[in-house]
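Each chain, written out:
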Amino acid sequence: MKLSEFLEDIKQNENEVVYYCCNHLLSKKYNVADDALEEDVLKELFVNYDNFTKSLNDSAGIIYKKYEAELNDVYKTICNKFNENYDNKYLFDYRLARVANQEPRQFLDIEDADTQETVIQKFEDKINAILESKYYNDNKEKLSSDLIIPQKTLELIKSAAGLV
């Protein structure tokens, strides 16, 4: 598929922020006026959540300020464009990486009690986002062991901080 045709379709059928993100991501690696990619390669560029967010990291300010948009909403739209469920393995892996291997000390060494409570709550929110996701619940038997350590870490942190 020609990238220019793909982008024109996005421009005509999606919000401006989605077009901006697609164009920005593709322009980093390709000549969007002349290059073409197989649909599966194009799909992998956009549906792989980690790659997607890293590629757009340098323009996050523009996305949030100019378009008043959330990156997750753009991701959902792009996944729909490729007939993929946005609540997928890529998103699960990304979220899991953000809660795995957290050291309790980094939470407990925060001296300001309000800040500490806020940081702990954000950690808990990240774990809950995984636990509430459709992908996780559809694959719970296989994936639940991945969350044992993050959940135990959260329990330990909350107990030590007196938040239980």
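Thoughts on the overall build of the protein chain
The helix and strand inventory of the protein chain stands at 12 helices and zero strands. In sequence order, the secondary structure elements of the protein chain are arranged as α-α-α-α-α-α-α-α-α-α-α-α. With respect to the three principal axes, the spread of C-alpha positions in the protein chain is 60 × 35 × 25 Å. Here the protein chain holds 164 residues, and the buried ones make up 35% of them. Accessible surface for the protein chain amounts to roughly 9,900 Å². Of this, 44% is attributable to carbon and sulfur atoms. Across the protein chain, the centroid of the 21 positively charged side chains sits 1 Å from that of the 32 negatively charged ones.

Overview of the packing of helix 2 (residues 16–29) against helix 4 (residues 49–56)
Between helix 2 and helix 4, whose axes approach to 9 Å, the crossing angle comes to 90°. Accordingly, the angle class assigned to the pair helix 2 and helix 4 is roughly perpendicular. Of the residues in helix 4, those touching helix 2 at Cys21, His24, Leu25 and Lys28 are Phe52, Lys54, Ser55 and Leu56. Grouping the amino acids of the contact of helix 2 with helix 4 by side-chain chemistry returns four nonpolar, two polar and two charged.

Brief notes about unusual backbone geometry
Within the chain, Asn83 stands out as a residue other than glycine whose phi angle is a positive 55°. Relative to the assigned elements, Asn83 resides in the loop between helix 6 (71–81) and helix 7 (89–99). Residue Asn101 is not a glycine yet carries a positive backbone phi of 60°. If you trace the backbone, Asn101 turns up in the loop between helix 7 and helix 8 (104–108).

Section: a negative patch on the surface
Together, Glu38, Glu39, Asp40 and Glu44 line one region of the surface with negative charge. As for its position among the elements, Asp40 is in helix 3 (residues 39–47). By relative accessible area, Asp40 is classed as exposed at 54%.

Side note on the packing of aromatic side chains
One pass over the structure, following the stated rule, counts 11 aromatic pairs. Ring centres 5.4 Å apart and planes at 50° place the aromatic pair Phe52 and Tyr75 in the tilted group. One end of the pair, Phe52, is in helix 4; the other, Tyr75, is in helix 6, and 23 residues separate them in sequence. As far as burial versus exposure is concerned, Phe52 and Tyr75 are alike and both buried. Among the aromatic residues, those joined into a ring-pair cluster are Tyr49, Phe52, Tyr75 and Tyr94. The positively charged end of Lys11 is found above the aromatic ring belonging to Tyr19, 5.4 Å away from the centroid.

Topic: the state of the cysteines
In this structure the tally under the stated criterion is zero disulfides. Between Cys21, a cysteine without a disulfide, and Cys22, which holds the nearest cysteine sulfur, the sulfur-to-sulfur distance is 6.9 Å. Take Cys21: its relative accessible area is 0%, and that puts it in the buried class.

Let's talk about the nonpolar core
The biggest cluster of nonpolar side chains holds 30 residues, and the ones touching the most others in it are Phe6, Leu26, Leu42, Phe46 and Phe52. Counting residues per element, the ones that place at least two in this core are helix 1 (3–13), helix 2, helix 3, helix 4 and helix 6. Counting residues per element, this core draws most heavily on helix 2, at seven residues. With near-sequence residues (within four places) excluded, Leu26 lies in contact with Leu3, Phe6, Leu7, Val32, Leu42, Leu45 and Phe46. Among the nonpolar cores identified, the runner-up in size contains 14 residues, and Phe92, Phe107, Tyr136 and Leu143 belong to it.

Calculation criteria
- Residues numbered from 1 in each chain as written.
- Predicted model: local features only at pLDDT ≥ 70, side-chain atom pairs only at ≥ 80, totals over all residues.
- Heavy atoms only, no water.
- Helix = DSSP H or I, 4+ residues; strand = E, 2+ residues; numbered from the N terminus.
- Buried < 20%, exposed > 50% of the residue type's maximum accessible area, 1.4 Å probe, protein only.
- Areas by Shrake-Rupley, 256 points an atom, 1.4 Å probe, with all protein chains shown as cover.
- Lys, Arg positive; Asp, Glu negative; His and termini not counted.
- Charge placed at Lys NZ, Arg CZ, Asp CG, Glu CD.
- Axes fitted to C-alpha atoms, helices over the stretch in contact; angles between N-to-C directions.
- Parallel < 35°, antiparallel > 145°, perpendicular 65-115°, else oblique.
- Contact = heavy atoms within 4.5 Å.
- Nonpolar A, V, L, I, M, F, W, Y, C, P; charged D, E, K, R; others polar.
- Patch = residues over 30% accessible without salt bridge, like charges linked within 9 Å, V, L, I, M, F, W, Y side chains within 5 Å.
- Salt bridge = Lys/Arg side-chain N within 4 Å of Asp/Glu carboxyl O.
- Phe/Tyr/Trp six-rings, centres within 6.5 Å; stacked < 30°, edge-to-face > 60°.
- Lys NZ or Arg CZ within 6 Å of the ring centre and 35° of its normal.
- Disulfide = S-S within 2.5 Å.
- Core = buried A, V, L, I, M, F, W, Y, C linked by side-chain atoms within 4.5 Å.

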